[in-house]
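Chains, contacts and geometry: an overview
Here's the letter readout for the chains.
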Amino acid sequence: GMKAAETAASRGHEVTLLERSDTLGGQLRYAAMLPHRERWNYLLDDLAASLDRLGVEVRLNTPITAAAVREFGADVTVIATGATWDTSGRSVHRPDRDNIPRAAGSHVIDPISAIHAPESCGRRVVIVDDLGTYLALGLAEQLALTRKVTLVSPHAQIGHRLGPLMTADLGW
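No experiment lies behind these values; they were computed from the predicted model shown.

Conventions and cut-offs
- Residues numbered from 1 in each chain as written.
- Predicted model: local features only at pLDDT ≥ 70, side-chain atom pairs only at ≥ 80, totals over all residues.
- Heavy atoms only, no water.
- Helix = DSSP H or I, 4+ residues; strand = E, 2+ residues; numbered from the N terminus.
- Buried < 20%, exposed > 50% of the residue type's maximum accessible area, 1.4 Å probe, protein only.
- Areas by Shrake-Rupley, 256 points an atom, 1.4 Å probe, with all protein chains shown as cover.
- Lys, Arg positive; Asp, Glu negative; His and termini not counted.
- Charge placed at Lys NZ, Arg CZ, Asp CG, Glu CD.
- Axes fitted to C-alpha atoms, helices over the stretch in contact; angles between N-to-C directions.
- Left-handed = near helix turned anticlockwise from the far one by under 90°.
- Contact = heavy atoms within 4.5 Å.
- Pairing = 2+ DSSP bridges.
- Right-handed = clockwise from strand over helix to strand, strands pointing away.
- Core = buried A, V, L, I, M, F, W, Y, C linked by side-chain atoms within 4.5 Å.
- Phe/Tyr/Trp six-rings, centres within 6.5 Å; stacked < 30°, edge-to-face > 60°.
- pLDDT = per-residue confidence, 0-100.
- Salt bridge = Lys/Arg side-chain N within 4 Å of Asp/Glu carboxyl O.
- Polar contact = N/O pair within 3.5 Å; in protein donor to acceptor, adjacent residues only side chain to side chain.

**Thoughts on the overall build of the chain**
Secondary structure assignment for the chain yields six helices and four strands. Principal axes of the C-alpha set define a box for the chain whose edges measure 50 × 35 × 30 Å. Put simply, the chain has 172 residues, and 28% of those count as buried. For the chain, the accessible area works out to roughly 11,600 Å², and carbon and sulfur atoms hold 53% of it. Of note, the chain has its 18 positive side-chain charges centred 8 Å away from the centre of its 20 negative side-chain charges.

Below is the structure:
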């Protein structure tokens, strides 16, 4: 949402950004909460400064409905509702297979919930690294401070995409 607003404003459009929570940043805000990711907040700060510099009106704590969008009367509406995580057990790498079966009584949550409320995780945690990005490793590192963590992946190595996606703040 922030990047879409910045891009539109930089192209000369009058932009109003409505955010239902009290803070901008979506999932990037949660990613910055992981160990060794604090510098990701700089990206959020930079985007917020850019919105301010470009004159984007930002309204926090503003949930929106279809009726409110129509009433607002914008020429164009961009709906950036964010992504949600699939906790069904389906693998993006094996769509031909059924979902991974769950053990009786298992508790499955998405990574954002685990970052936001680590107390919602059990004493023993299995993290599935289906994507090979920073998220599984960062979450494992965070949770391993207080829990037993097992990290599994369908790939030959955990975090297989980190090499090509290496960022300055990643010393893995």
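That shown, we press on.
**Looking at the packing of helix α1 (residues 2–10) against helix α3 (residues 40–53)**
It is at 10 Å that the axes of α1 and α3 come closest, and there the two elements cross at 35°. Along this stretch, α1 crosses α3, giving a crossing that reads as left-handed. Of the residues in α3, those touching α1 at Met 2, Lys 3, Ala 5 and Glu 6 are Leu 44, Leu 47, Ala 48, Ser 50 and Leu 51.

**Here we look at the pairing of strand β4 (residues 148–152)**
Pairing of strand β3 (residues 124–128) with β4 involves five bridges; the strand directions are parallel. Residue pairing for β4: Ile 127 is matched across the bridge by Leu 151. One crossover worth recording links β3 to the parallel β4 by way of helix α6 (residues 134–143), and it is right-handed.

**A closer look at the nonpolar core**
The biggest cluster of nonpolar side chains holds 13 residues, and the ones touching the most others in it are Leu 34, Ile 115, Cys 121, Val 125, Ile 127, Leu 139 and Leu 143. Looking at this core element by element, the count peaks at five residues for α6. Those residues in contact with Ile 115, other than ones at most four positions away along the chain, are Tyr 30, Met 33, Leu 34, Leu 135, Leu 139 and Gln 142. If you look at the next biggest cluster of nonpolar residues, it comprises ten residues, including Ala 9, Val 15, Leu 51 and Val 56.

**Focus: the packing of aromatic side chains**
Enumeration according to the criterion identifies one aromatic pair in this entry. With centroids separated by 4.8 Å and ring planes inclined at 50°, the aromatic side chains of Trp 40 and Tyr 134 adopt a geometry described as tilted. Of this pair, Trp 40 sits in helix α3 while Tyr 134 is found in helix α6, placing the two residues 94 residues apart along the sequence.

**Quick word on the confidence of the model for the chain**
Confidence along the chain averages 87 in pLDDT terms, with 94% of residues attaining 70 or more. Confidence scores differ between elements of the chain, with helix α2 (residues 26–31) showing the lowest mean pLDDT of 86 and strand β2 (residues 57–59) the highest of 96.

**Section: the side chain of Arg 147**
Looking at the element boundaries, Arg 147 is found in the loop between α6 and β4. Here Arg 147 sits buried without a salt bridge, and the closest side chain of opposite charge, Glu 119, lies 6.0 Å off (N-O distance). Among the polar contacts listed, one links the side chain of Arg 147 to the backbone oxygen of Gly 122, at a separation of 3.1 Å. A distance of 2.4 Å separates the side chain of Arg 147 from the side chain of Thr 146, its partner in a polar contact. Apart from residues lying up to four places away in sequence, Arg 147 is in contact with Pro 118, Glu 119, Cys 121, Gly 122, Arg 123 and Val 125.

**Here's the deal with the environment of Leu 131**
As for its position among the elements, Leu 131 is in the loop between β3 and α6. For Leu 131, a relative accessible area of 37% gives the class partly exposed. A sequence separation of 17 residues divides Leu 131 from Ala 114, and the C-alpha atoms of the two residues are 17 Å apart. In this structure, Leu 131 is in contact with Trp 85, Val 92, His 160 and Arg 161, ignoring residues within four places of it in sequence.

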